[in-house]
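The lines below spell out each chain.
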Amino acid sequence: QVQLVESGGGLVQAGGSLRLSCAASGRTFYAMGWFRQAPGKEREFVTATSWSYGSTASADSVKGRFTISRDNAKNTMYLQMNSLKPEDTAIYYCAARRLPPILSTPANYDYWGQGTQVTVSS
């Protein structure tokens, strides 16, 4: 049974930092990524990484502020979020894709976590 379990969300002031974690179990994946969904908006791509090669892709809105990383030994992916802005407020979801390449469309991901809330106050 595949499980993706996120943790690390919370409330932070603008300019602050948070680190999200996603623990994966049940099978191996080609890529894992983070998406987010704000109230009344569609789920959007944040960033993703290939599990074996470490290649990454990120949305322009988070480049230079968010960093994705992984610990293969722990089967865990991380999202370090710095210089947070109120517009980063959303539920953040961990997602996994079985096959290459890294894609940015939610429909192309096979497995999803339950989400973790990130709220950035101004």
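In every chain, residue numbers begin from 1 and rise along the written sequence. Reporting of local features is limited, given that this is a predicted model, to residues whose pLDDT is at least 70; pairs of side-chain atoms are given and counted only at 80 or more, and all residues count toward the totals for whole chains, interfaces and linings. Hydrogen atoms and water are omitted, and side-chain values are computed over all heavy atoms in the structure.

*Asks:* Before we move on, could you go through the nonpolar core and cite the residues and values that matter?
*Replies:* The biggest cluster of nonpolar side chains holds 33 residues, and the ones touching the most others in it are M32, W34, M81 and Y92. Every helix listed is a DSSP run of H or I at least four residues long, and every strand listed is a run of E at least two residues long, numbered separately from the N terminus. Looking at this core, the elements with two or more residues in it are strand 3 (18-25), strand 4 (31-37), strand 5 (44-50), strand 7 (66-71), strand 8 (76-81), strand 9 (90-97) and strand 11 (116-121). Residues grouped as a nonpolar core are buried Ala, Val, Leu, Ile, Met, Phe, Trp, Tyr and Cys residues, joined through side-chain atoms within 4.5 Å. The buried label applies to any residue whose accessible area, calculated with a 1.4 Å probe on protein chains only, is under 20% of its type's maximum; exposed applies above 50%, and partly exposed to all values in between.

*Asks:* Break down the state of the cysteines for me, with residues and values.
*Replies:* Cysteine sulfur atoms are paired as a disulfide whenever they fall within 2.5 Å. Applying the stated rule across the entire model yields one disulfide. Each disulfide pairs two cysteine sulfurs, and for C22 the partner residue is C94, the sulfurs being separated by 2.0 Å. Judged by the torsion about the S-S bond (-70 degrees), the C22/C94 disulfide is left-handed. Of this pair, C22 sits in strand 3 while C94 sits in strand 9, placing them 72 residues apart in sequence. Both residues of the pair, C22 and C94, belong to the buried class.

*Asks:* Describe the sheet that holds strand 1 (residues 3-7), with residues and values.
*Replies:* Note on pairing: two strands pair once DSSP finds at least 2 bridges between them. One open sheet holds the four strands; their spatial order is 1-3-8-7, and the pairing between them is antiparallel. For this open sheet the edge positions go to strand 1 and strand 7, each flanked by a neighbour on one side alone. Adjacent strand axes in the sheet meet at a mean angle of 15 degrees when their direction is disregarded. Bridge analysis of strand 3 against strand 8 gives six bridges, and the strand direction is antiparallel. Bridge pairing in strand 8 places C22 opposite M77. Lines fitted to C-alpha atoms define the axes, with helix axes restricted to the stretch in contact, and inter-axis angles between N-to-C directions lie between 0 and 180 degrees.

*Asks:* Account for unusual backbone geometry, naming residues and giving values.
*Replies:* Backbone torsion omega between P100 and P101 reads 0 degrees, so that peptide bond is classified as cis. By the element assignment, P101 lies in the loop between strand 9 and strand 10 (111-112). The residue N75 is not glycine, and still its phi comes out positive at about 50 degrees. Following the sequence through the fold, N75 ends up in the loop between strand 7 and strand 8. One non-glycine residue, S83, lies in positive phi territory at about 50 degrees. In this fold, S83 is placed in the loop between strand 8 and strand 9.

*Asks:* Can you lay out the environment of N82 for me, pointing to particular residues and giving the numbers?
*Replies:* Tracing the sequence through the fold places N82 in the loop between strand 8 and strand 9. As for N82 and A14, which are separated by 68 residues in sequence, their C-alpha atoms are 9.5 Å apart. Side-chain polar atoms of N82 contact the side chain of S17, separated by 2.9 Å. Pairs of N or O atoms are called polar contacts if they sit within 3.5 Å, as long as, within protein, a hydrogen donor faces a hydrogen acceptor (for residues adjacent in sequence, only side-chain-to-side-chain pairs). A polar atom in the side chain of N82 sits 2.9 Å from the side chain of Q80.

*Asks:* Go over the side chain of T76, please, and point to the residues and values.
*Replies:* Its place among the elements puts T76 in strand 8. A polar atom in the side chain of T76 sits 2.9 Å from the backbone oxygen of K74. Contacts are residue-level and defined by heavy atoms, with any inter-residue pair within 4.5 Å sufficient. In this structure T76 touches S21, C22, A23, W51, S69, R70 and D71, once residues within four positions along its chain are discounted.

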